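Structural features, examined
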Amino acid sequence: MEAMVVEYIRVLLFGHVIPKIMMLLVYFLTATMLGGLFYLNFNDIGVSRAFWRIWKNMKSKNAK
């Protein structure tokens, strides 16, 4: 996501403020996703079991 912001939200096109705000948004989204992953891993079923459940549900929907 950081590479997309750096590449497409350039200082020459948007000025100096918008790119900085977008980078802060990228860092906020990254921290939020990392927090969700930690929550899933430590307080819920874990990452591996979550992927296993998703895979199982996808297989059962395709069988119908």
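Thresholds applied
Residues numbered from 1 in each chain as written. Predicted model: local features only at pLDDT ≥ 70, side-chain atom pairs only at ≥ 80, totals over all residues. Heavy atoms only, no water. Helix = DSSP H or I, 4+ residues; strand = E, 2+ residues; numbered from the N terminus. Rg over C-alpha atoms; globule rule 2.2 N^0.38 Å. Buried < 20%, exposed > 50% of the residue type's maximum accessible area, 1.4 Å probe, protein only. Areas by Shrake-Rupley, 256 points an atom, 1.4 Å probe, with all protein chains shown as cover. pLDDT = per-residue confidence, 0-100. Phe/Tyr/Trp six-rings, centres within 6.5 Å; stacked < 30°, edge-to-face > 60°. UniProt positions renumbered as here; feature names shortened; annotations may be inferred.

Section: the overall build of the chain
- Along the chain, the regular secondary structure elements total four helices and zero strands.
- Reading the chain from its N end, one meets helices and strands in the order α-α-α-α.
- The C-alpha radius of gyration computed for the chain amounts to 18 Å, which surpasses the reference 11 Å derived for 64 residues by more than 25%, pointing to a less compact arrangement than a globule.
- Projected onto the principal axes, the alpha-carbon positions of the chain cover approximately 50 × 30 × 15 Å.
- In the chain, buried positions account for 11% of the 64 residues.
- Accessible area of the chain: about 5,900 Å², with a carbon and sulfur share of 69%.

Let's talk about the confidence of the model for the chain
- The predicted model of the chain averages 91 in pLDDT, with 97% of residues at 70 or higher.
- Mean pLDDT in the chain bottoms out at helix α4 (residues 47-63), which sits at 86, and peaks at helix α3 (residues 17-43), which reaches 95.

Comments concerning the packing of aromatic side chains
- Under the counting rule described, the total for this entry stands at one aromatic pair.
- A ring pair is formed by F38 and F42, whose centres lie 6.0 Å apart and whose planes are at 40 degrees; its orientation type is tilted. With F38 and F42 both in helix α3 and four residues apart, the pair spans about one turn of that helix.
- Here F38 falls in the partly exposed class, since its relative accessible area comes to 44%.

Description of the UniProt feature "transmembrane region" (unreviewed entry) in the chain
- As annotated by UniProt and renumbered to match this structure, "transmembrane region" (unreviewed entry) occupies residues 21-42.
- Annotated as 100% helix and 0% strand, the span residues 21-42 places its first and last C-alpha atoms 31 Å apart.

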